[in-house]
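A look at the structure
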Amino acid sequence: DSIKQIMLKKKYDIIPVVSNNQKIVKIIKYNDIFKLNFFFRKLKNISVFIMAGGEGKRLLPLTSILPKPLMPIGNKTIIQNIIEKFLNHEINNYYISVGYKSNLIKAFFSDLEAKYKTHFIHEKEPLGTAGSLKFIKNKISKSFFVINCDTLLDLDYYDLYDSHIKNKNIITIVTASKEYNIPYGSCEIKKDGSLLKINEKPSYNLKVNTGLYVVNPSVLKFIPSKGIYNFDSLISECLKRKKRIGIYEIGENKWVDIGEIKEYKDFLIQNS
């Protein structure tokens, strides 16, 4: 980021990187750093699982026409924007669970002629936020990313993955700090039912689940073969079995939930 700022401020076309004995070891070009994400570390041979099978009811009436993954963000779809963040790290293998309007999603990727691999997992019936993961139980041997198809994040995925491995987590949950302000006075009550005190318009700072995880494939055996199964149930099962669940925290401004109609419209306006 500092190099970007120097290039913009000084209008430099190139910046040399030199060793301690002043030998040039690399040339950073303006076009490289702004056209490509020059400094992203690579995560080859890692997979991403995108949960894209929901009906997107919170985005109605828009999703009565298009499935949520194909809603536009700029000149690209939501799911393209999500995938491109991982492509910065040269991740080229994607599992996509589909259900609602799945034919439209499959047709879109068929015409896209992407240079990365996509494997579609069709949910014949709703399976919840973790149920479809059971279909890759014997297909993945390394920890992999799982992400909801309504969340946009700005973070270093390499650092997240590295933290997951170093801490020996079975699941790492990405959380964002979120401050909620209550616009009313909050009453604290004694055990006898009388008033203790009033907190005027209190605010709470919470660690919110962003819908992005790194998952060790060993947890897939905990997912039942049939029925709806949600991620919170998978996490509870891991905790019950004394497995380590890690937290990777990012700032509130690094995460946007576009699963609600208001948030989606606000995001479009802010980025238009």
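Before going into details, it helps to say that this report is about the structure given with it. (Residues numbered from 1 in each chain as written. Predicted model: local features only at pLDDT ≥ 70, side-chain atom pairs only at ≥ 80, totals over all residues. Heavy atoms only, no water.)

**Observations concerning the environment of K262**
Mapped onto the fold, K262 is located in helix α7 (residues 261-270). Residues K262 and I147, 115 residues apart in the sequence, show an inter-C-alpha distance of 21 Å. (Helix = DSSP H or I, 4+ residues; strand = E, 2+ residues; numbered from the N terminus.)

**Quick look at the nonpolar core**
Soluble globular proteins tend to bury their nonpolar side chains together. The biggest cluster of nonpolar side chains holds 41 residues, and the ones touching the most others in it are I50, F86, F145, L153, Y157, L160 and L212. Ranked by residues supplied to this core, first place goes to helix α3 (residues 78-87) with five residues. Ignoring any residue separated from it by four or fewer positions in sequence, one finds L153 in contact with K85, I147, V174, T210, L212, I250, K254 and W255. Grouped together as the second largest cluster of nonpolar side chains are 24 residues, L133, Y213, V215 and I223 included. (Core = buried A, V, L, I, M, F, W, Y, C linked by side-chain atoms within 4.5 Å. Buried < 20%, exposed > 50% of the residue type's maximum accessible area, 1.4 Å probe, protein only. Contact = heavy atoms within 4.5 Å.)

**A few points about the environment of E90**
Secondary-structure assignment places E90 in the loop between α3 and β6 (93-98). Between the alpha carbons of E90 and L43 there is a distance of 6.1 Å; along the sequence they are 47 residues apart. Residues in contact with E90, not counting those within four places in the same chain, are K42, L43 and K44. In terms of polar contacts, E90 uses its side chain to reach the side chain of K44, at 3.4 Å. (Polar contact = N/O pair within 3.5 Å; in protein donor to acceptor, adjacent residues only side chain to side chain.)

**Re unusual backbone geometry**
Geometrically, the link from L60 to P61 is a cis peptide bond, its omega value of 5° lying close to zero. Structurally, P61 is set in the loop between β3 (47-52) and β4 (72-73). The phi torsion at N45 lies on the positive side, around 65°, for a residue other than glycine. Tracing the sequence through the fold places N45 in the loop between α2 (30-35) and β3. Owing to a relative accessible area of 67%, N45 belongs among the exposed residues under this scheme. Its identity is not glycine, yet K201 carries a phi of approximately 45°, on the positive side. Topologically, K201 is positioned in the loop between β12 (195-200) and β13 (203-215).

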